Amino acid sequence: FVVLLVEDEPADAHLVKIALRENRLLVDLHLVGDGVEALQFLRRQGTYQGMPRPDLILLDLNMPRMNGHECLALLKQDPDLRDIPVVILTTSGVEHDISDSYHLGAAGFITKPLEVADFIKAIGDLGNYWMSVVHLPGHSAKALT
């Protein structure tokens, strides 16, 4: 299961890595620092040639060069990329950020919990949902028992 994390804050990126490990989620995690790099990664441009296509994108909103909403809009306009689910993972809980994200095609919106234990639980819930419950393109369906 391949995840692209688009996050400019090293501490938050590190926390996502810890949360994945703590939840024993087997993920091939790739990290880029902003929307410009995310699109280069997804389009396999420059140093990102040969990179895998992510099954899920975790996208921060507040980043330099190209913010999350700008990146999401361009991603969802690209016929080769628009079917990749994007979950917003941000410090913002502002209503217009939430509604704008869904309007642009986000599959989910998570406000980063302030407490580390809550953050780890949120990433665990997110991972279990995307890796066990939903059916993604290119992955065989699993029956729930």
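Remember, it's a predicted structure, so these values are computed and weren't measured experimentally.

Asker: I'd like to hear about the overall build of the chain, residue by residue, with values.
Answerer: Helices and strands together make up the secondary structure of the chain, namely five helices and five strands. When the helices and strands of the chain are listed from N to C terminus, the series reads β-α-β-α-β-α-β-α-β-α. For 145 residues, the compact-globule estimate of 2.2 N^0.38 gives 15 Å, and the chain sits close to it at 14 Å. Structurally, the chain occupies a C-alpha span of about 40 × 35 × 30 Å along its principal axes. Burial analysis of the chain (145 residues in total) assigns 45% to the buried set.

Asker: Quick rundown of the pairing of strand E1 (residues 2–6)? Include the residues and the values.
Answerer: In terms of burial, E1 is largely enclosed, as five of its five residues are buried. What you see with E1 is no split at all: Val2, Leu4 and Val6 on one side and Val3 and Leu5 on the other are buried throughout. In this structure, E1 lies alongside strand E2 (residues 28–32), joined through five bridges in parallel fashion. Considered in E2, the bridge of Leu4 is made with His30. Considered for its hand, the β-α-β crossover made up of E1, helix H1 (residues 10–22) and E2 is right-handed.

Asker: How would you explain the pattern of salt bridges if you had to name every residue and give the values?
Answerer: Summed over the entire model, instances satisfying the criterion amount to seven salt bridges. Residue Asp34 pairs with Arg65 through a salt bridge whose shortest N-O separation is 2.8 Å. Of this pair, Asp34 sits in the loop between E2 and helix H2 (35–42) while Arg65 sits in the loop between strand E3 (56–59) and helix H3 (68–77), placing them 31 residues apart in sequence. In this structure, the salt-bridge partner of Asp78 is Arg43, at a minimum N-O distance of 3.3 Å.

Asker: Go over helix H5 (residues 116–133) with me, naming the residues and quoting the values.
Answerer: With 18 residues, H5 extends 25 Å between its outermost C-alpha atoms, agreeing within 8% with the 26 Å of an ideal straight helix rising 1.5 Å per residue. The complete set of buried residues in H5 reads Phe119, Ile120, Ala122, Ile123, Gly124, Leu126, Gly127, Trp130 and Met131. Looking at the packing, one finds that the buried side of H5 touches H1, E3, strand E4 (86–90) and strand E5 (108–111).

Asker: How would you sum up the side chain of Asp97? Please name residues and give values.
Answerer: Position of Asp97 relative to the elements: it lies in helix H4 (residues 95–103). Lys112 provides the closest opposite charge to the buried, unpaired Asp97, separated from it by 12 Å. Sequence-distant contacts of Asp97, that is, excluding residues within four places in its chain, are made with Leu61, His69, Ser92 and Phe109.

Asker: Describe the packing of aromatic side chains, with residues and values.
Answerer: The final tally for this structure, using the stated rule, is two aromatic pairs. Consider the rings of Tyr129 and Trp130, whose centres lie 5.2 Å apart with planes at 85 degrees: the pair is edge-to-face. The class for Trp130 is buried, based on a relative accessible area of 9%.

Asker: Give me the environment of Phe109: which residues, what numbers.
Answerer: Turning to its location among the elements, Phe109 is positioned in strand E5. Distance in space between the C-alpha atoms of Phe109 and Asp97 is 9.2 Å, their sequence separation being 12 residues. In this structure, Phe109 is in contact with Leu61, Val87, Ile88, Thr90, Ser92, Asp97, Ile98, Ser101 and Tyr102, ignoring residues within four places of it in sequence.

Reading the values: the criteria
Residues numbered from 1 in each chain as written. Predicted model: local features only at pLDDT ≥ 70, side-chain atom pairs only at ≥ 80, totals over all residues. Heavy atoms only, no water. Helix = DSSP H or I, 4+ residues; strand = E, 2+ residues; numbered from the N terminus. Rg over C-alpha atoms; globule rule 2.2 N^0.38 Å. Buried < 20%, exposed > 50% of the residue type's maximum accessible area, 1.4 Å probe, protein only. Pairing = 2+ DSSP bridges. Right-handed = clockwise from strand over helix to strand, strands pointing away. Salt bridge = Lys/Arg side-chain N within 4 Å of Asp/Glu carboxyl O. Expected span 1.5 Å × (residues − 1). Contact = heavy atoms within 4.5 Å. Lys, Arg positive; Asp, Glu negative; His and termini not counted. Phe/Tyr/Trp six-rings, centres within 6.5 Å; stacked < 30°, edge-to-face > 60°.

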